[in-house]
Every structure is written in structure tokens, then in C-alpha cells.
Amino acid sequence: KSATMILFTICLLFINNVSSVIKKKETSDITSITTDLKNAIKTISNNLQDEQRKTSTDTYNGENLEKIESSGSYHYTGEITTIVTIQKDWGTVHLYLENAKFSNPGVKIIDSKKGVNLIITLIGENMISNQDETSSNAISTSQDLTINGPGSLNIVSSKSGIKCDGVFYGFGGSLSIRAQNHGISAESLYLDGIHINVE
């Protein structure tokens, strides 16, 4: 009996030790993943801050809008009643919205149809509205969407404010959304330094 008890005690000590090692490894793995994720997000955020300082290559004002078919930076300002359609298979398109007011009932205001990663930098006070009986998302992207900058964006939508099929990154600015469906619909959200209000 004594030998059995000793063996049983040794087994318990072994199990507890293995369990402790596993728990430590799990905690270490989670900490590592969290740290890696934070570092990756910080790198993206720093790169975007550098990008904000660059001068946009094209400026569209009012009705003078065309379909975007090439990567690059595009600056929008003033009263805009047409839509922004991005038709590219890959790459990055960067939109600078500076005191821009988009208004077009019942349609997608910013529509990125293919595999483009879209960045929107906010400067000043901006507005996007497609409020109507016809249901449509205000901003729709088929890949990742990043919003940053020091400005604000107010979205009023007859469906979802933002429909993003990829990852939504929020790295600055103020975003206010009033939508009939979802405020932001995305595969996942990474938020750092952005203020969001959804009704």
C-alpha cells in the first residue's frame, strides 16, 4: 500500500508539473501574439502618418469626377453629387477628404469593387449621405479599409454606413454614423486613436 501511495503521489506531482508548464506556455503564446499584433498595428499606423504628409497627385472638385482606375492619391473637396467608383484589381488607393460633402440618395457613395486596399484620410469636416427609400451602403469595399487623419466624417446611410469585406483599420479622426442597418460591417476591426459614434 505504501509503495502504491508513493507512486500515486509521484504521478500527481508529474501531472501538476506538466499542467503548470502547459499553462505557462499558453500564457506565453497569448502574450507573444498580442505583442506581435500591437507591433504590426503600430507599424501600419506609423506608415499611414508618413503617407498623410505626402501631397496628393490628383484633385477633383464638385462634378469633375471620374472612375479611379489606377493606384495613387486623390483629393476631394467641396460639394459632390456624383459617386466615387474604384475599378482596380489590386494595389492601394488613397482618398483625401478635405471639407468634402458627398450627397447622392440611394447609391453607394464610395464603391471599391475589386481587390484594392482603400485608405481614407480625413481633413476638416466631411459628410457622406445616401439617405433614401432605396437601401444601399454608403461606403463599400471588397478589401481592407483604413480611416485616419485629424478630421471628421459624418455618414448618414439608408443601409450600412461602412461595408468592408476585409479588415477595417481606424487610426485617427472622428467617425459618426447614422445607419438603418449596421454602422460598420467588417471581417475584423483594429481601432487605435479613432473616435466612433454609431446610431
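This write-up is about the structure you can find in this document. (Residues numbered from 1 in each chain as written. Predicted model: local features only at pLDDT ≥ 70, side-chain atom pairs only at ≥ 80, totals over all residues. Heavy atoms only, no water.)

Focus on the nonpolar core
The nonpolar side chains of soluble globular proteins are, as a tendency, buried together.
Here is step 1: Ranked by internal contacts, the top residues of the largest apolar core, which has 31 residues, are Y76, L95, I120 and I162.
Here is step 2: Listed by contribution, the elements that provide at least two residues to this core are strand 2 (72–80), strand 3 (84–86), strand 4 (92–103), strand 6 (117–123), strand 9 (145–148), strand 10 (152–157), strand 11 (162–164) and strand 13 (174–179).
Here is step 3: Sequence-distant contacts of I120, defined by excluding residues within four places in its chain, comprise L95, L97, I110, I139, L145, T146, I147 and N148. (Core = buried A, V, L, I, M, F, W, Y, C linked by side-chain atoms within 4.5 Å. Buried < 20%, exposed > 50% of the residue type's maximum accessible area, 1.4 Å probe, protein only. Helix = DSSP H or I, 4+ residues; strand = E, 2+ residues; numbered from the N terminus. Contact = heavy atoms within 4.5 Å.)

Here we look at the side chain of H75
Here is step 1: Tracing the backbone through its elements, the reader meets H75 in strand 2.
Here is step 2: H75 gets classed as buried once you look at its relative accessible area, which sits at 13%.
Here is step 3: At 2.7 Å, the side chain of H75 and the side chain of E98 are in polar contact. (Polar contact = N/O pair within 3.5 Å; in protein donor to acceptor, adjacent residues only side chain to side chain.)

Some points on the pairing of strand 4
Here is step 1: For strand 2 and strand 4, the ladder comprises nine bridges, and the chain directions are parallel. By the bridge assignment, Y74 is partnered in strand 4 with L95.
Here is step 2: Looking at chain direction, strand 4 and strand 6 are connected through seven bridges and run parallel. Bridge pairing in strand 6 links H94 to I119.
Here is step 3: Summarising the sheet, strand 4 and strand 7 (residues 125–129) pair through three bridges and their orientation is parallel. (Pairing = 2+ DSSP bridges.)

Concerning the side chain of S140
Here is step 1: Looking at the secondary structure, you find S140 in strand 8 (residues 139–141).
Here is step 2: Apart from residues no more than four positions distant in its own chain, S140 is found in contact with K108, I110, D111, S112 and K163.

Quick notes on unusual backbone geometry
Here is step 1: Here the phi dihedral of N99 falls at roughly 50°; this positive angle occurs in a residue that is not glycine.
Here is step 2: As for its placement among the helices and strands, N99 is situated in strand 4.

A short note on the pattern of salt bridges
Here is step 1: Enumeration over the complete set of coordinates arrives at two salt bridges.
Here is step 2: Linking D111 and K113 is a salt bridge whose minimum nitrogen-to-oxygen distance equals 2.9 Å.
Here is step 3: Residue D111 is classed as buried on the basis of its relative accessible area of 8%.
Here is step 4: Judged by relative accessible area, which is 44%, K113 ranks as partly exposed. (Salt bridge = Lys/Arg side-chain N within 4 Å of Asp/Glu carboxyl O.)

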